Amino acid sequence: DPRRVGTEALAKLLGKPLAEIKLEETKKTNSRITYYWRPNGREGARYMVVVNRPYQLSLQARDAAKTIWTVATMYTVCS
């Protein structure tokens, strides 16, 4: 589950409980999904998490749809 992968990575980075982080999907392709999360509603910093399916692993997998999701990047976006 790509949302779970992104949530767990962000929770670990910030030291927050998993239940507190509610990622919103903003952009999606077959191999990459971008999520945002604003902990204080519309105020303050927001976090962006990009998860993807590594291309090299999909070439070696029997079923490319079952390739794992990994966190590609995480950003803090200050506004």
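Look up a bit, the structure's there.
An account of the accompanying structure is given in this report. (Residues numbered from 1 in each chain as written. Predicted model: local features only at pLDDT ≥ 70, side-chain atom pairs only at ≥ 80, totals over all residues. Heavy atoms only, no water.)

### Here's the deal with the sheet that holds strand S4 (residues 70-77)
In space, the four strands of this open sheet follow the order S1-S2-S3-S4, with antiparallel pairing throughout. A strand with exactly one partner marks an edge of an open sheet, and here the two such strands are strand S1 (24-28) and S4. The sheet shows a mean angle of 20° between the axes of neighbouring strands, taken without regard to direction. By the bridge criterion, six bridges tie strand S2 (residues 32-37) to strand S3 (residues 46-52) in an arrangement that is antiparallel. (Pairing = 2+ DSSP bridges. Helix = DSSP H or I, 4+ residues; strand = E, 2+ residues; numbered from the N terminus. Axes fitted to C-alpha atoms, helices over the stretch in contact; angles between N-to-C directions.)

### Some remarks on the packing of aromatic side chains
Considering all chains together, one arrives at one aromatic pair under this definition. Taking the centre distance of 5.9 Å and the plane angle of 25° together, the rings of Trp37 and Tyr47 count as stacked. Of this pair, Trp37 sits in strand S2 while Tyr47 is found in strand S3, placing the two residues 10 residues apart along the sequence. On the basis of relative accessibility, which here comes to 6%, the residue Trp37 falls in the buried class. (Phe/Tyr/Trp six-rings, centres within 6.5 Å; stacked < 30°, edge-to-face > 60°. Buried < 20%, exposed > 50% of the residue type's maximum accessible area, 1.4 Å probe, protein only.)

### Focus: the side chain of Asn52
Positionally, Asn52 belongs in strand S3. Setting aside anything within four residues of it in sequence, one finds Asn52 in contact with Ser31, Arg32, Ile68, Trp69, Thr70 and Ala72. (Contact = heavy atoms within 4.5 Å.)

### Describing the nonpolar core
Residues Val5, Leu10, Ala11, Ile21, Leu23, Ile33, Tyr35, Trp37, Tyr47, Val49, Val51 and Trp69 constitute the largest nonpolar core, which totals 12 residues. Within the residue set of this core, elements represented by two or more residues are helix H1 (2-14), S2 and S3. In this structure, Leu10 is in contact with Ile21, Leu23, Trp37, Tyr47, Val49 and Met74, ignoring residues within four places of it in sequence. (Core = buried A, V, L, I, M, F, W, Y, C linked by side-chain atoms within 4.5 Å.)

### Section: the environment of Lys22
You can see Lys22 is positioned in the loop between H1 and S1. When the C-alpha atoms of Lys22 and Lys66 are compared, they prove to be 24 Å apart, with 44 residues separating the residues in sequence. With sequence-adjacent residues up to four places away left out, Lys22 is seen in contact with Tyr36 and Trp37. Within the structure, Lys22 has its side chain in polar contact with the backbone oxygen of Ala19 (distance 3.1 Å). (Polar contact = N/O pair within 3.5 Å; in protein donor to acceptor, adjacent residues only side chain to side chain.)

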